[in-house]
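A structural walkthrough
Each chain is listed here by its residues.
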Amino acid sequence: MAEEKGLLYMCATPIGNLGDITKRALTVLSEVDLIAAEDTRRTRQLLNHFAIKKPLVSYHEHNKEKQGLKLLEELRKGYHIALVSDAGFPGIADPGEQLVNQAVKEGITVVPLPGANAALSALVASGLPSAPFFFGGFLPKNKKHRKEQLVQWQHIPSTIVLYEAPHRVKEVIKDILAVWGERQIALARELTKVHEEFFRGTLAEALAHLELQQPRGEFTLVIAQGTKIVELREEDPLSVVQKLLAEGKDKKETLQSVAKAYKIPKRDLYNRLILLEEGDK
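Everything numeric here is computed off the predicted structure, so don't read it as measured data.

1. Re the overall build of the protein
In terms of regular secondary structure, the protein is built from 11 helices and 10 strands. Here the C-alpha coordinates of the protein stretch approximately 85 × 40 × 30 Å along the principal axes. Expressed as a percentage of its 281 residues, the buried residues of the protein come to 44%. Across the protein, contacts joining residues at least 24 apart in sequence account for 72% of those joining residues at least 6 apart. Within the structure as shown, the protein displays about 14,900 Å² of accessible surface, and the carbon and sulfur contribution to it stands at 52%. On the protein, the mean spot of the 39 positive side-chain charges and the mean spot of the 37 negative ones are 3 Å from each other.

In structure tokens form, the structure reads like this:
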């Protein structure tokens, strides 16, 4: 009699707030034979919080070839495995995608356990159309390759969702603005965490915002489709300045950051602001 194969559970875990773990996920994590994690230290903290004690192995980008074969062998033997990522839904912008592909080819049952996800959380709160949407994950780190990818995606007729690290987010937005032109964007960071923040505006406004506020935490970018390109109006830079000053930002830093984002002389922008303020008196 053929040995029954195990189940591969794709188990979503919280992206910040531990209250977002599902009861089903806790049950599965407590009952599987093995948990494969992208970051075992982070997952161990999660398991300890919920008093779950199970064998834990690493499965990440740098060992997915070798470790994937070992996990498949365990599944063939009938062992049930839960796959988790650093946070959120495994298989989305992480190596879990490859394991699922291999498991499906071998007739191993893959069971998704829904839960927290940064892309969908940012999308539904962005204020931009949620259907259709295109998820692009992380853009290439190499600037040349990144621009080539942006050219390919330039005319996708949908809202576009991307992930980006804090130390690259400004450069990525600059490249998007250069290749795609001005568009509306919702910039989400630290989703579900204490310092969760959304910035909504144009790409240029987002750059000005990031010049004033040092990027921290992982970012999700939700960008409007480009079928109707939003042209920069002459008064746009001044509108950005007014918006940021109304939020209590420093005038000197605001003028400098907005001028840099729009590539215009700071003096010209300052003079226009003075004229506007004098006109309001």
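2. Digging into the environment of Ile21
Relative to the helices and strands, Ile21 is located in the loop between strand 1 (8–11) and helix 1 (23–31). Residues Ile21 and Glu164 lie 143 residues apart in sequence; the distance between their C-alpha atoms is 24 Å. Once you skip the residues sitting within four places of it in the chain, Ile21 turns out to touch Ala12, Thr13, Pro14, Leu26 and Phe50.

3. Brief notes about the confidence of the model for the protein
Looking at the protein, the pLDDT average stands at 89 and 94% of residues meet or exceed 70. This stretch, residues 227–235, has a pLDDT under 50; its non-local contacts, to residues over four places away or in other chains, come to 8 contacts.

4. Side note on helix 10 (residues 251–262)
Taking 1.5 Å per residue as the helical rise, helix 10 with its 12 residues ought to reach 16 Å, and the 16 Å between its terminal C-alpha atoms agrees with that figure. Every buried residue belonging to helix 10 is among Thr254, Leu255, Ser257, Val258, Ala259, Ala261 and Tyr262, and all of these are buried. Of the residues flanking the start of helix 10, the one acting as N-cap is Asp250, its side-chain oxygen 3.2 Å from the backbone nitrogen of Lys252. The positive-phi residue at the C-terminal boundary of helix 10 is Lys263, with phi of around 60°.

5. Thoughts on the sheet that holds strand 3 (residues 56–58)
Working definition: the strands of a sheet are paired by backbone hydrogen bonds and lie parallel or antiparallel to each other. Taken together, the 5 strands give an open sheet; going across it, the order is 3-2-4-1-5, and neighbouring strands pair in parallel fashion. The sheet terminates laterally at strand 3 and strand 5 (110–113), the two strands that pair on one side only. The mean inter-strand angle of the sheet, taken between neighbouring strand axes irrespective of direction, is 25°. In this structure, strand 1 lies alongside strand 4 (residues 81–84), joined through 3 bridges in parallel fashion. Bridging across to strand 4, Leu8 finds its partner in Ile81. Along the sheet face, helix 1 touches strand 1, strand 2 (34–37), strand 4 and strand 5 and points at about 135° away from the line of strand 5.

6. Quick word on the sheet that holds strand 7 (residues 159–164)
Here we have 5 strands laid out as an open sheet, ordered 6-7-10-8-9, and mixed in their pairing. Looking along the sheet, the strands with just one partner apiece sit at the ends: strand 6 (133–138) and strand 9 (197–202). On average, each strand axis in the sheet is tilted by 15° relative to the strand beside it, whichever way the strands run. Note that strand 7 and strand 10 (residues 219–223) share 5 bridges and pair antiparallel. Each residue of the ladder has a partner; that of Ile160, found in strand 10, is Ile223. Across the sheet, helix 7 (residues 169–180) lies against strand 7, strand 8 (184–189) and strand 10, angled at about 15° from strand 10, the strand it touches most. In the packing of helix 8 (residues 203–212) onto the sheet, the strands contacted are strand 8, strand 9 and strand 10, and the crossing angle to strand 9 comes to about 135°.

7. Some details on the pattern of salt bridges
For the structure on display, the rule yields 11 salt bridges. With its nearest N and O atoms 2.7 Å apart, the salt bridge here joins Glu73 to Arg76. Within this pair, Glu73 and its partner Arg76 are both found in helix 3 (residues 64–76), separated by 3 residues, close to a single helical turn. Its relative accessible area of 35% is what places Glu73 among the partly exposed residues.

Cut-off values and rules
Residues numbered from 1 in each chain as written. Predicted model: local features only at pLDDT ≥ 70, side-chain atom pairs only at ≥ 80, totals over all residues. Heavy atoms only, no water. Helix = DSSP H or I, 4+ residues; strand = E, 2+ residues; numbered from the N terminus. Buried < 20%, exposed > 50% of the residue type's maximum accessible area, 1.4 Å probe, protein only. Contact = heavy atoms within 4.5 Å. Areas by Shrake-Rupley, 256 points an atom, 1.4 Å probe, with all protein chains shown as cover. Lys, Arg positive; Asp, Glu negative; His and termini not counted. Charge placed at Lys NZ, Arg CZ, Asp CG, Glu CD. pLDDT = per-residue confidence, 0-100. Expected span 1.5 Å × (residues − 1). Polar contact = N/O pair within 3.5 Å; in protein donor to acceptor, adjacent residues only side chain to side chain. Pairing = 2+ DSSP bridges. Axes fitted to C-alpha atoms, helices over the stretch in contact; angles between N-to-C directions. Salt bridge = Lys/Arg side-chain N within 4 Å of Asp/Glu carboxyl O.

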